[in-house]
Amino acid sequence: MWRDLAPIGRNNESGGYRRFAWTAADTDCRAWFKDQAESRGLTYELDRNGNQWAWLGDPAAGDAVVTGSHLDSVPDGGAFDGPLGVVSSFAALDELRRRGAEFTRPLALTNFGDEEGARFGLACVGSRLTAGRLTPEQAAQLRDGDGISLPQAMERAGHDPETIGPDPERLARIGAFVELHVEQGRALDLSGDAVGIASAIWPHGRWRFDFRGEANHAGTTRLVDRRDPMLSYAQTVLAARREAELAGAVATFGKISVEPNGVNAIPSLVRGWLDSRAADQQTLDTVVTAVEKAAREYADAHGIDLETVRESFTPVVEFDHALRDELGRILGTDDQLTVPVLGTGAGHDAGILADSVPTAMLFVRNPTGVSHSPAEHAAEDDCLAGVSALADVLEGLACR
C-alpha cells in the first residue's frame, strides 16, 4: 500500500508532496482509497462533504468504531503526516482478519478531506463541515491563491458542492473515533517508546497581519522618506519568536505575500500569517496579544497601517477520558510495550470531532521530530508497531 501511494503528488525536485484539496493529486489519492476499500469487500461511501468511508458491517446499526486520517498534504510535505493513519487503518483490518477476529460493532475506515488547509487556508475543512464547525456559507467564501472558491474546486473535481453542510446523522452512527498519526515532535523518541496515546491538543490559531505602506523606487527613494511595510513585518517576526520563548509557547510566521513583489520596488503591502500554539488558552492569548501590540508599535514608528484578522482558531481539545483510558488498558496488556500519554501542539480531525463523538489518538514515533517537510520519517518497525497497536485497539473496542 505504501509503495502504491508514495508516487502520488510527489514533487521530483523537492521530494515533498503537493496533495492539495480537489486537485488531480487529491483525486488520485481518493481513487487509491476507493480501490483499497473495494479490494477488501468493504462498502465504499463518499459523504456530502467529500470525506471517504469504507464500512465493514451495517452503518445504520450505529455505535460504530471508526479509524483513519487524511491523505492531503501541506506544500512539499512529508509522506507520513496523514497517510500513515490511513494506510495503518487498512493494515490493521488485514491483521484482524488474519487473527480471525469477530466484529460485534460496525467498523469504518475514513479519509477526511482537506485536513491540512494548504489550498484554501483553513485546516480540517471536511471534518469541520461534518461537525457543523464550518457553515456552507463560510465554506463558500474560501478561495485559493488563484481566486477559485471551494465550491468551484469541488465541482470541477466532480463533487456537488450544493450538498455540503453538517452531517449529524453520520456522527450519530459513530461510537468511537481513533486516529493514528505520526508524532509531530520528539517526545516518543526521547522516551524511547514506539507508540503513544494523546491526552489533548493545544489551543491554536492563525492570524493574518496586513502591513500597508507606500510603493516606491528602491534606488531613488531616500531611507528617511520611505514607508516600507517590510521593516514592520520583519520586526514583528522577531517579536513573535521573542514572545513565544518568554511564554513557553510556539509562534511562527510561515507564509508571506508581498505587493508589488519586485526586487527594485519598496512594497506597498506585506501580508504575513502567524500560527501560534500553547499548552493553555491564557498563554496563547498572552503571546498573540503581545505580538499584535508589538506589530502596532512598529507599524506606527514607520508610518504603516496595520490590520490584523483572526482567520481560524481551535480551543484546547481534551480527548475523551474514558476512551483514552480504555486504549491504555487495552495496550497495557502487552508486556513488551509501554505507551506514554502525551499532549500535542498539532491540530487533527480527531480534535474537530471531539465535541461530537468520543475520540482518541495514537502516535507513532518520529525519530527526528521533523514534520511538514520532505525529511519527515518514521522507521518501518515503529510503523508496524503502530499497526499492531491500532489492531489491538480496534479488536478491544469492536470485537468479541
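The preceding data block contains the structure.
Now for a description of the structure that goes with this document.

Parameters and conventions
Residues numbered from 1 in each chain as written. Predicted model: local features only at pLDDT ≥ 70, side-chain atom pairs only at ≥ 80, totals over all residues. Heavy atoms only, no water. Salt bridge = Lys/Arg side-chain N within 4 Å of Asp/Glu carboxyl O. Helix = DSSP H or I, 4+ residues; strand = E, 2+ residues; numbered from the N terminus. Buried < 20%, exposed > 50% of the residue type's maximum accessible area, 1.4 Å probe, protein only. Contact = heavy atoms within 4.5 Å. Polar contact = N/O pair within 3.5 Å; in protein donor to acceptor, adjacent residues only side chain to side chain. Core = buried A, V, L, I, M, F, W, Y, C linked by side-chain atoms within 4.5 Å. Axes fitted to C-alpha atoms, helices over the stretch in contact; angles between N-to-C directions. Parallel < 35°, antiparallel > 145°, perpendicular 65-115°, else oblique. Nonpolar A, V, L, I, M, F, W, Y, C, P; charged D, E, K, R; others polar. Pairing = 2+ DSSP bridges.

## Things to note about the pattern of salt bridges
A side chain with one charge can pair with a side chain of the opposite charge if their charged atoms come near.
And then number 1: For the coordinates displayed, the defined rule picks out 27 salt bridges.
And then number 2: Salt-bridge contacts for R173 lead to E45; the nearest nitrogen and oxygen are separated by 3.9 Å. Here the residue R173 occupies a position in the loop between α7 (168-172) and β5 (174-182), and E45 occupies one in strand β1 (residues 43-46), the gap between them amounting to 128 residues.
And then number 3: Looking at E45, the relative accessible area reads 21%, which means it is partly exposed.
And then number 4: Among the salt bridges present, the one from R119 reaches D144, with a minimum N-O distance of 3.0 Å. Placement of R119 in the loop between β4 (107-111) and α4 (125-131) and of D144 in the loop between α5 (136-140) and α6 (150-156) is noted, with a sequence separation of 25 residues between them.
And then number 5: Ionic contacts of the salt-bridge type, sharing partners, join the residues E45, D47, R48, D167, R170 and R173 into one network.

## Some details on the environment of V339
And then number 1: Position of V339 among the secondary structure elements: in the loop between α11 (321-331) and β14 (341-344).
And then number 2: Distance in space between the C-alpha atoms of V339 and L327 is 9.5 Å, their sequence separation being twelve residues.
And then number 3: V339 has contacts with V195, G196, I197 and L331, leaving out every residue within four places of it along the chain.

## Side note on the side chain of D210
And then number 1: Within the element layout of this structure, D210 appears in strand β7 (residues 204-212).
And then number 2: On the basis of relative accessible area, D210 is assigned to the buried category, the value being 1%.
And then number 3: Reaching out from D210, the side chain makes a polar contact with the side chain of R271 at a distance of 2.7 Å.
And then number 4: In this structure, D210 is in contact with L269, V270, R271, D305, L306 and E307, ignoring residues within four places of it in sequence.

## Regarding the side chain of R105
And then number 1: The residue R105 is located in the loop between α3 (83-99) and β4 in this model.
And then number 2: A polar atom in the side chain of R105 sits 2.8 Å from the backbone oxygen of D63.
And then number 3: Within the structure, the side chain of R105 is placed 3.0 Å from the backbone oxygen of L397, a separation counted as a polar contact.
And then number 4: Sequence-distant contacts of R105, defined by excluding residues within four places in its chain, comprise D63, A64, V65, G175, A176, L397 and A398.

## Comments concerning the nonpolar core
And then number 1: Grouped together as the largest cluster of nonpolar side chains are 47 residues, with contacts concentrated most on W32, F90, L327, L362 and L397.
And then number 2: Elements represented by at least two residues in this core include exactly α2 (24-39), α3, β4, β5, β6 (195-201), α11, β15 (359-364) and α13 (380-398).
And then number 3: Excluding its chain neighbours within four sequence positions, the residues that come into contact with L327 are V178, I197, A360, M361, L362, V393 and L397.
And then number 4: Of all hydrophobic cores here, the second largest spans 21 residues; its members include A240, A249, V287 and V288.

## Focus on the packing of α2 against α3
And then number 1: Put simply, α2 and α3 touch, their axes get as near as 11 Å, and they point 10° apart. With respect to α3, the axis of α2 lies roughly parallel. Counting all contacts with α2, which are made through W32, F33, Q36 and A37, the residues of α3 involved are V86, V87 and F90.
And then number 2: For the contact of α2 with α3, the per-class residue count stands at six nonpolar, one polar and no charged.

## Concerning the pairing of strand β3 (residues 64-69)
And then number 1: The buried count for β3 comes to six of six residues, which makes it a mostly enclosed element.
And then number 2: Across the two faces of β3 the burial is the same, with A64, V66 and G68 and V65, T67 and S69 all buried.
And then number 3: Here four bridges tie β3 to β5, and the two strands are oriented parallel to one another. By the bridge assignment, A64 is partnered in β5 with I174.
And then number 4: Across five bridges, β3 lies against β4 in parallel orientation.

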